[in-house]
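# Residue-level structural notes
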Amino acid sequence: MIFLHGLGDTGHGWASAMGAVRSPFVKVICPTAQTIPVTLNSGFEMPAWFDLKSLDASGPEDETGIKKASQLIHSMIDSEVSAGIPSNRIIIGGFSQGGALALYSALTYSKPLAGVVALSCWLPLNKSFPAFVAGNKETPFLQCHGDCDPIVPFKWGQMTASILKGYLKSIEFKTYGGLMHSSSDEEMKDIKDFVQKQLPSI
């Protein structure tokens, strides 16, 4: 399971939470993004998968950065496959910006994955889909969002779910009442159930 953190965080921020939802035989990788200047934060440097230019749904996006970051995720998956783990035994997921990258990376990856977990996020470059979809239309997606999120608005989550439902066979959109831009015990339990279902013991 490869899980991607949100803007300004590191892989350590999610390592223990993901360790708690995995089965004993599941390996968890929580990489840390490179530190880059982020336009949204006045050019301040912080760990980010790609630049964020605006919090407006129709605002400009860092298309080059998003594509470059997705290639990095694809190479991480490929290195696990080279090490002997079939792609359909690999789940990718993420929170916020990491969740956005997980969605984009899964849809632009040609080999089948075991599942995708997208928390409090959105689909980047969404106007380029479904044309950009290279695979994983049959893969189960779990999308989770708090209905009081002040950072990535709940309506972005709803819009993303409705876009994805247009071309994915299996997507579940779970809402958490009162949850802001964070996780909760209820959400972690849902993730754990999803991971155990998609990665059963062999």
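All values reported here derive from a predicted model rather than from experimental measurement. (Residues numbered from 1 in each chain as written. Predicted model: local features only at pLDDT ≥ 70, side-chain atom pairs only at ≥ 80, totals over all residues. Heavy atoms only, no water.)

### Observations concerning the overall build of the chain
Within the chain, the secondary structure is distributed over 5 helices and 7 strands. Listing every helix and strand of the chain by position from the N terminus yields β-α-β-β-α-β-α-β-β-α-β-α. Computed over C-alpha atoms, the radius of gyration of the chain comes to 16 Å, within 12% of the 17 Å expected from 2.2 N^0.38 for 202 residues, which places it in the range of a compact globule. Taken along its principal axes, the extent of the C-alpha atoms in the chain is 50 × 35 × 35 Å. Taking the contacts inside the chain whose residues are at least 6 apart along the sequence as the reference set, 69% of them involve residues at least 24 apart. Carbon and sulfur atoms make up 54% of the accessible area of the chain, which totals about 9,100 Å². Distance from the positive charge centre (16 side chains) to the negative charge centre (18 side chains) of the chain: 8 Å. (Helix = DSSP H or I, 4+ residues; strand = E, 2+ residues; numbered from the N terminus. Rg over C-alpha atoms; globule rule 2.2 N^0.38 Å. Contact = heavy atoms within 4.5 Å. Areas by Shrake-Rupley, 256 points an atom, 1.4 Å probe, with all protein chains shown as cover. Lys, Arg positive; Asp, Glu negative; His and termini not counted. Charge placed at Lys NZ, Arg CZ, Asp CG, Glu CD.)

### Quick look at the environment of Gln158
Here Gln158 shows up in helix H4 (residues 154-165). Expressed as a C-alpha distance, the spacing of Gln158 and Tyr109, which sit 49 residues apart in the sequence, is 23 Å.

### Focus: the UniProt feature "domain: Phospholipase/carboxylesterase/thioesterase" (unreviewed entry) in the chain
In this structure's numbering, the residues bearing the UniProt feature "domain: Phospholipase/carboxylesterase/thioesterase" (unreviewed entry) are residues 2-198. Helix makes up 34% of residues 2-198 and strand 17%, with an end-to-end C-alpha separation of 14 Å. (UniProt positions renumbered as here; feature names shortened; annotations may be inferred.)

### Brief notes about the pairing of strand S7 (residues 171-176)
Bridge count between strand S6 (residues 141-146) and S7: 6 bridges; the pairing is parallel. When the sheet's bridge partners are listed, Gln143 is paired in S7 with Phe173. For the crossover that starts at S6, traverses H4 and ends in the parallel S7, the hand is right-handed. (Pairing = 2+ DSSP bridges. Right-handed = clockwise from strand over helix to strand, strands pointing away.)

### As for helix H5 (residues 185-198)
Under the 1.5 Å per step criterion, the end-to-end length of H5 is 20 Å for 14 residues, consistent within 8% with the ideal 20 Å. Turning to H5, its buried residues number three or more, namely Glu187, Met188, Asp190, Ile191, Phe194, Val195 and Gln198. Summarising the axial view, the buried residues of H5 lie within an arc of 160 degrees, below the 170-degree limit, and thus occupy one face. More than 90 degrees from the buried face of H5, the exposed residues found are Asp185, Lys189 and Lys197. Each element contacted by the buried residues of H5 is listed here: helix H1 (12-21), strand S4 (91-95), strand S5 (115-119), S6 and S7. (Expected span 1.5 Å × (residues − 1). Buried < 20%, exposed > 50% of the residue type's maximum accessible area, 1.4 Å probe, protein only. Arc of directions from axis to C-beta.)

### What to know about the sheet that holds S4
Strand order in this open sheet of 5 strands is S1-S4-S5-S6-S7, and the pairing throughout is parallel. Edge positions in the open sheet fall to strand S1 (2-4) and S7, since each of these has one partner strand only. In this sheet, adjacent strand axes meet at a mean angle of 10 degrees when their direction is disregarded. Along the sheet face, helix H3 (residues 97-107) touches S1, S4, S5 and S6 and points at about 150 degrees away from the line of S4. (Axes fitted to C-alpha atoms, helices over the stretch in contact; angles between N-to-C directions.)

### Regarding the environment of Glu138
Looking at the element boundaries, Glu138 is found in the loop between S5 and S6. A relative accessible area of 57% places Glu138 in the exposed class. Counting along the chain gives 32 residues from Glu138 to Ser170, while the straight-line C-alpha distance between them is 6.6 Å. Here Lys169 takes part through its side chain, which lies 3.4 Å from a polar atom of the side chain of Glu138. (Polar contact = N/O pair within 3.5 Å; in protein donor to acceptor, adjacent residues only side chain to side chain.)

### Some words on the packing of helix H2 (residues 63-82) against H3
Relative orientation of the contacting elements H2 and H3 amounts to 70 degrees, with a least axis distance of 9 Å. By the angle between their axes, H2 is roughly perpendicular relative to H3. Across the interface between the two elements, Ile66, Lys67, Ala69, Ser70, Ile73 and His74 from H2 touch Leu101, Tyr104 and Ser105 from H3. The residue inventory of the contact of H2 with H3, partitioned by class, reads 5 nonpolar, 3 polar and 1 charged. (Parallel < 35°, antiparallel > 145°, perpendicular 65-115°, else oblique. Nonpolar A, V, L, I, M, F, W, Y, C, P; charged D, E, K, R; others polar.)

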